[in-house]
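Geometric and topological summary
Here is how the chains run, residue by residue.
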Amino acid sequence: MLLTISILGAPGAGKGTQATLLSKKLGLPHISSGDIFRENIKNQTDLGKLAKTYIDQGELVPDDVTILMIKDRLSRPDCAKGTILDGFPRTPAQAIALDEMLKELNTRVDLVPFIDVEDDVLINRLSGRWTCRESGHIYHTTFNPPRVQGICNIDGSELYQRDDDTAETAKHRIQVYREQTSPLIDHYKNVGILEVINGDQYIEHVCRDIMAVVPKKFKK
Ligand code: AMP
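Okay, so let's go over this structure.

Conventions used here
Residues numbered from 1 in each chain as written. Predicted model: local features only at pLDDT ≥ 70, side-chain atom pairs only at ≥ 80, totals over all residues. Heavy atoms only, no water. Near = heavy atom within 4 Å. Polar contact = N/O pair within 3.5 Å; in protein donor to acceptor, adjacent residues only side chain to side chain. Helix = DSSP H or I, 4+ residues; strand = E, 2+ residues; numbered from the N terminus. Nonpolar A, V, L, I, M, F, W, Y, C, P; charged D, E, K, R; others polar. Axes fitted to C-alpha atoms, helices over the stretch in contact; angles between N-to-C directions. Parallel < 35°, antiparallel > 145°, perpendicular 65-115°, else oblique. Contact = heavy atoms within 4.5 Å.

The subject of this paragraph is the site of the ligand. Around the ligand, 16 residues are found, and the nearest of them are Ser-33, Arg-38, Glu-59, Gly-87 and Gln-94. In this structure, Ser-33 approaches the ligand through a side-chain N or O atom, which is 2.8 Å from a nitrogen atom. One nitrogen or oxygen atom from the side chain of Gln-94 is found 2.9 Å from a nitrogen atom belonging to the ligand. Looking at the shell around the ligand, the element that brings in the most residues is helix α2 (residues 33–42), giving 4 residues. Looking at the shell around the ligand residue by residue, the class counts come to 5 nonpolar, 5 polar and 6 charged.

Our focus in this paragraph is the packing of helix α7 (residues 167–181) against helix α8 (residues 183–191). At a closest axis distance of 6 Å, the pairing of α7 and α8 adopts a crossing angle of 40°. Taken as axis vectors, α7 and α8 run oblique relative to one another. Judged by residue contacts, Tyr-177, Arg-178, Glu-179, Gln-180 and Thr-181 of α7 engage Pro-183, Leu-184 and Ile-185 from α8.

Time to look at the side chain of Thr-169. Along the polypeptide, Thr-169 turns up in helix α7. Those residues in contact with Thr-169 that lie beyond four places of it in its chain are Asp-56, Gln-57, Gly-58, Asp-163 and Asp-164.

Here it is, written out as structure tokens:
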């Protein structure tokens with residue numbers, strides 16, 4: 001049975017952390033548009049070079065490029081049972097494109113957990129965030145420190161601070177989110193699949209609240 005979940009929330013709300021947990025619990029691939037861009041930047045592809053100019057400024061990568069990239073990812077065999085989308089869609093045009101992509105696969109977005117967090121908490125989180133170089137696992141100096149400083153608990157790789165996690169770029173990313181992404185809250189509310197989740201809680205409690213709104217038939 002196909003299940004598509006798209007996690008919505010501001011930068012720093014915990015989308016990546018929750019998508020990683022849900023992916024494990026539900027046995028579905030975690031697809032993060034930000035991670036795919038970062039992978040392309042690391043490999044110095046044309047897409048990576050283009051994306052970097054936007055990401056470093058805290059701007060969104062243009063819709064056409066982003067949509068094609070996600071379309072390609074969703075066409076891979078591991079998405080046959082469904083996906084946990086993290087950071088896509090981020091604009092109304094991307095939401096429409098996603099609906100079209102899924103329609104071709106005879107399916108649709110089933111659930112949009114909106115992780116709700118206040119702005120001052122977001123900025124605090126982003127500027128203390130450390131990311132693992134190997135697989136993008138996420139830590140925070142105060143709220144979720146790694147067991148050994150600078151090393152990922154899960155795969156032992158080095159932790160680094162993303163260039164776009166500085167306080168100034170973080171503020172701009174939150175503003176971009178308000179202007180371009182937050183209209184999706186009403187869009188998915190109108191579709192009837194939005195679930196507001198309090199994101200200012202322990203990671204496990206946020207995950208518990210999301211799992212509580214996943215329809216029973218999809219849980220293993
Ligand atoms: P994230 O890792 O989700 O915080 O994304 C990091 C950056 O990648 C964002 O600030 C954007 O510049 C870019 N990005 C990620 N997802 C998208 C998207 N769906 N549309 C446009 N840009 C995106």
